[in-house]
Amino acid sequence: MPPPEVSTTSGSTEATLKSEILSTAESKSATVAHSTSQQIGTNGETPLSVFLSTFKGSRTQWVARQVIIMICLLFRLGVGLGPYSGFNDSPMHGDFEAQRHWMEITYHLPIKDWYWYDLQYWGLDYPPLTAYHSWVLGAIGSKIKPSWFEFGTSRGCEDVNLKSYMRSTVLISELLIYIPAVSVFVRWTIKNQKLSPLHHSIASAAILLQPALILVDHGHFQYNAVMLGLALIAITNILNDKLVVGSVFFVLALCFKQMALYYSIPIFAYLLGICLFPRLNLPRFISLAVSVLTTFALVLAPIVLASSDGLKGAYRQVLQMLIRIFPFARGLWEDKVGNFWCTLNIFVKLKHLYSAETLQRFSLVATLVSVLPAFFMLLIYPRKKALIWGLSASAWGFFLFSFQVHEKSVLLPLLPVTLQLATDPGVNVQSYIYWINNVAVFSLWPLLKRDRLVLQYFAVSFLANWLMASFTKLPEALLGKLIIMMSYAGIALLHIVEFLIEPPARYPDLWVIGNTTLSFGCFTIFLLWNYIQLYKACRAKV
């Protein structure tokens, strides 16, 4: 009896299947490894990522996020121990006294007097939502210690307990609005780009540890994080296709600080674009228009209704509020800042050659030229990934060319720029983002030095860069490497010279001018690079 035949076909098929499975697994593993290596700090190259690798499992990520928040709070509390704007600097003091004074007048005066009272001494010049915020904080503070906000007699109060209270209001406002907004935005990014859970924690830390915002809000003293948080909530909702909610929060950001207008052109272009393309969506357009107008009406209602003179009085109230919010009479700039006009004024004395009205027109034209490309790109190609680049391009354009820019306004373009650490975590992009963040902090040096925040400036800058290993990240292009290294060398040189050599008596602001000129050059280069990224994002298929 012949031996049974062995089927070679089944064995061959089984071997082939095993080979295909192994090949697929290896391919997936390689893809994940490559993706992970491209994500910010997930391959263990930074002190922060090494520390957070302990919580690498998805089940422990909530612990990592709480650790990140505690680290961020420690940074802010440490900076808050230092002086603030106008400390021991009478008679006007500074932004700390301005914020305290607004709490005083909003708590004690009727609404109809808020925008009219004693305009020569820190008159209220922010939109109504800031006024309501000041009223709440003034009411709470007055219950704790009435003398802090006693009407007419509390000016220049520098009680150490008042400082603690005011610092805590900035911290709590940020905890309630900005920090949750960052977390939600990063979570949306993780979900849509399928990034690793660890990336959520590291990207959140990179955004929350932005030195400029910490130094301005918790050192100098302001509430910028509230406006930035409201704007970020709007951006996240718009990206998540919750357009009405997004438009409502953007109006709230505008009604807290008028500088949110820096974001208005790209947001309007994007929303209009998705209403027009690929086909006209009239219901969507109407719902957005109604939500915007209704939100403005609700925020302005207390100001309008406070007037006792009917429509005429309401008109006067709104007009006075607008005059205070948009102070064109103050001139093109107030202090030295790293923008186009202040730099040009080194060589051409603009205020001696042109009237304020002419300079306003120059500023309007220059601003439109700088931001309209972003408007048309987002209008024609309303892509989600392009929106963040459009926001930063527009904000840089406003910062560099618009009217009445302060050095603190650099926080506006920095927000969308820094958000790219979550949305586009390639090392090449990271290098430019960390670089411009460092230049922006340097541009704040004259302000922070005047506030006696020298230690905080160097400590926060060093720790933030060390945690993210920012100085080790350089772009691939040789030109980019040269620009970054030369700018860092210029920053170091200016600091060394300023510490060692007094400026000539004839040019007391020489080192400050060096700061603003170097900053302006770097900001302009970044704006051009930003537009290249925006163009690529608009032309991308996804």
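Data block above holds the structure.
Residues numbered from 1 in each chain as written. Predicted model: local features only at pLDDT ≥ 70, side-chain atom pairs only at ≥ 80, totals over all residues. Heavy atoms only, no water.

Where do I start with the packing of aromatic side chains in this structure?
Describing an aromatic ring pair means giving the distance of the ring centres and the angle of the ring planes. Summed over all chains, the structure comprises 29 aromatic pairs. Ring centres of F458 and F499 lie 6.2 Å apart, and the angle between their planes is 40°; this geometry places the pair in the tilted category. On the criterion of sequence distance, the pair formed by F458 in helix α21 (residues 454–468) and F499 in helix α22 (residues 478–500) is long-range, its members being 41 residues apart. On the accessibility criterion, F458 (35% relative accessible area) is partly exposed. (Phe/Tyr/Trp six-rings, centres within 6.5 Å; stacked < 30°, edge-to-face > 60°. Helix = DSSP H or I, 4+ residues; strand = E, 2+ residues; numbered from the N terminus. Buried < 20%, exposed > 50% of the residue type's maximum accessible area, 1.4 Å probe, protein only.)

How should I be thinking about the environment of Q193 in this particular structure?
Tracing the backbone shows Q193 in helix α6 (residues 160–193). Expressed as a C-alpha distance, the spacing of Q193 and T423, which sit 230 residues apart in the sequence, is 7.8 Å. For Q193, the side chain forms a polar contact with the main-chain oxygen of T423, separated by 2.8 Å. (Polar contact = N/O pair within 3.5 Å; in protein donor to acceptor, adjacent residues only side chain to side chain.)

Please clarify how the pattern of salt bridges should be interpreted in this entry.
Any two side chains of opposite charge can pair if their charged atoms end up close together. The tally for this structure, following the rule as stated, stands at 11 salt bridges. A salt bridge links K408 to D95; the nearest nitrogen and oxygen atoms lie 3.8 Å apart. Here K408, found in the loop between α17 (384–401) and α18 (411–423), pairs with D95, found in helix α4 (residues 95–108); they are 313 residues apart in sequence, far enough to count as distant. Classification of D95 by relative accessible area gives buried; the value is 15%. Put simply, R100 and E104 hold a salt bridge, and the shortest N to O gap is 2.8 Å. With R100 and E104 both in helix α4 and four residues apart, the pair spans about one turn of that helix. Each member of the pair, R100 together with E104, is buried. (Salt bridge = Lys/Arg side-chain N within 4 Å of Asp/Glu carboxyl O.)

Help me understand unusual backbone geometry in this model?
Most peptide bonds adopt trans geometry, and most residues besides glycine take a negative phi value. Across the junction of S90 and P91, the peptide omega takes the value 5°, indicating a cis bond. Among the structural elements, P91 can be located in the loop between α3 (61–80) and α4. The peptide bond linking F277 to P278 adopts the cis configuration, its omega dihedral lying at 0°. A positive phi is found at N88, a non-glycine position, where the angle reads about 55°. Looking at the element boundaries, N88 is found in the loop between α3 and α4. Residue D241 is not a glycine yet carries a positive backbone phi of 65°. Residue position: D241 is located in the loop between α9 (224–239) and α10 (243–256). Judged by its relative accessible area of 52%, D241 falls in the exposed class.

Remember that the coordinates give geometry; whether it matters functionally is a separate question.
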